[in-house]
Amino acid sequence: MKNEDSSLKPSIPEIEKKLLERIQASGISLRIMHVCGTHERTMAKYGLRSALPENIEVISGPGCPVCVTSERDVDIAIALAKSGATVVTFGDMMRVPGSSESLLDAKAEGADVRMVYSIDDSVALANKKPELEVVFFGIGFETTVPANAAALLRSPPENFSLLVSQKQTPPAVELLASDTVVDAFIAPGHVATIIGTKPFEPLAKTGFPVAVSGFEARDILLGINLLLTQIEQGVSRVDNGYLRVVKPEGNPIALKMMNEVFKTSESDWRGIGNIKNSGLVLRQEYEEKDASKKHEDLYSASLAEIRAKAEKKDKKRCICAAILTGKAKPSQCPNFGKDCTPRNPAGPCMVSQEGMCYNWFRYSREGGSKLA
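Reading the values: the criteria
Residues numbered from 1 in each chain as written. Predicted model: local features only at pLDDT ≥ 70, side-chain atom pairs only at ≥ 80, totals over all residues. Heavy atoms only, no water. Disulfide = S-S within 2.5 Å. Buried < 20%, exposed > 50% of the residue type's maximum accessible area, 1.4 Å probe, protein only. Helix = DSSP H or I, 4+ residues; strand = E, 2+ residues; numbered from the N terminus. Pairing = 2+ DSSP bridges. Right-handed = clockwise from strand over helix to strand, strands pointing away. Axes fitted to C-alpha atoms, helices over the stretch in contact; angles between N-to-C directions. Contact = heavy atoms within 4.5 Å.

As annotated in an unreviewed UniProt entry, the protein chain carries the name [NiFe] hydrogenase metallocenter assembly protein HypD and comes from Methanosarcina siciliae T4/M.

Laid out in structure tokens, this is it:
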């Protein structure tokens, strides 16, 4: 059997060119919301918005995990650290402002706050330092939940606990579908890797085309094409544009661990408010590892002080709430690039590499350079 002539295969730039030509040739007006910080990073980095025709608009939803972590949860983490616990979390989370300060501010004041790359690093610290009361601040969407569940299933030491601030994506997307002017959705590939495509089907049944997309430029262009095809056909369904990773049923092993350790609850999303069935809390069998309950007596006084300080603080005007819900762009914020920069963020959208403001600031004040 002869080897296939590689010259006959379309190159990646050719694939992107064909996808883009198809989008540019369409006369359909379409307002699309993605709900993934990595999608936003790709959009900005490769200037995809500037390459799209005027009739196709892609806006950013609440897809940045640290951006939607509530002030209350950040305040509790800070209060724990100021009360003597060792609070460990991801690097981006350390700079996210609570009601009056950030975990990094608390660290500068002498609190024991540490950055880790995974929950396993936190468990290892607790094992190595039994004299410390180690609290892992667990944030993020369904992508990070299985690792947290696995850590608890392995029976971590008594001096380890979890401050839970986990979110479930589909309920938030369904809420935004009824509250934001949007025609279709690009669903996050990493979330769908865990939960599959089926949880997005209720959204499609209400008339919103959905396409699951990967994270490269051609993945997003494919996702837009899939949505255009649905509009042309007069249907709304969930198309899987990330077949190399995502299965309709998701990851059964990860889902089993999640369901064994966590149960669904309402959750407070920064900039949005409480969303029913969008959060996760520990099941009763694991409540002894719930830092918010285990250490409530320890941090209650510090939490009261933090809230009192917040009432006196003159906060910079921040429109992250409008940005997270697709109702405003970073360039419309009076602080953007002035009183709010990655070095001195006024709001969470400027902190993380997945935040819309951060990416607009880094790659272009107008949302990205020309397509490379």
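Let's pick the thread back up.
### Quick word on the state of the cysteines
This structure, assessed with the given rule, holds 1 disulfide. Lacking any disulfide linkage, Cys320 is separated from the closest cysteine sulfur, that of Cys349, by 3.1 Å. For Cys349, a relative accessible area of 1% puts it in the buried group.

### Considering the pairing of strand S3 (residues 86–89)
Along any regular strand the residues' side chains alternate between the sheet's two faces. By the alternation rule, side chains of S3 split into Thr86 and Val88 and Val87 and Thr89, which are all buried. Two strands pair when backbone bridges link them, and S3 and strand S5 (residues 134–140) are joined in this way by 3 bridges, in the parallel orientation. Paired with Val88 across the strands is Phe136, a residue of S5. Where S3 and strand S4 (residues 113–115) come together, 3 bridges link them in parallel fashion. The residue of S4 that forms the bridge with Val88 is Arg114. Each parallel crossover has a hand, and for S3 linked through helix H5 (residues 103–108) to S4 it is right-handed.

### Some words on the sheet that holds strand S1 (residues 30–34)
On the basis of which strands lie adjacent, the open sheet formed by 5 strands has the order S2-S1-S7-S8-S9 and parallel pairing. Pairing within the sheet leaves two strands with one partner each, and these edge strands are strand S2 (56–60) and strand S9 (238–240). Going across the sheet, the axis of each strand differs from the next one's by a mean of 25°, ignoring polarity. Judged from the 3 bridges that link them, S1 and strand S7 (residues 184–188) form a sheet pairing that is parallel. Across the sheet, residue His34 finds its bridge partner in S7, namely Ile186. Against the sheet, helix H2 (residues 37–45) touches S1, S2, S7 and strand S8 (210–213), its axis set at about 110° to S7.

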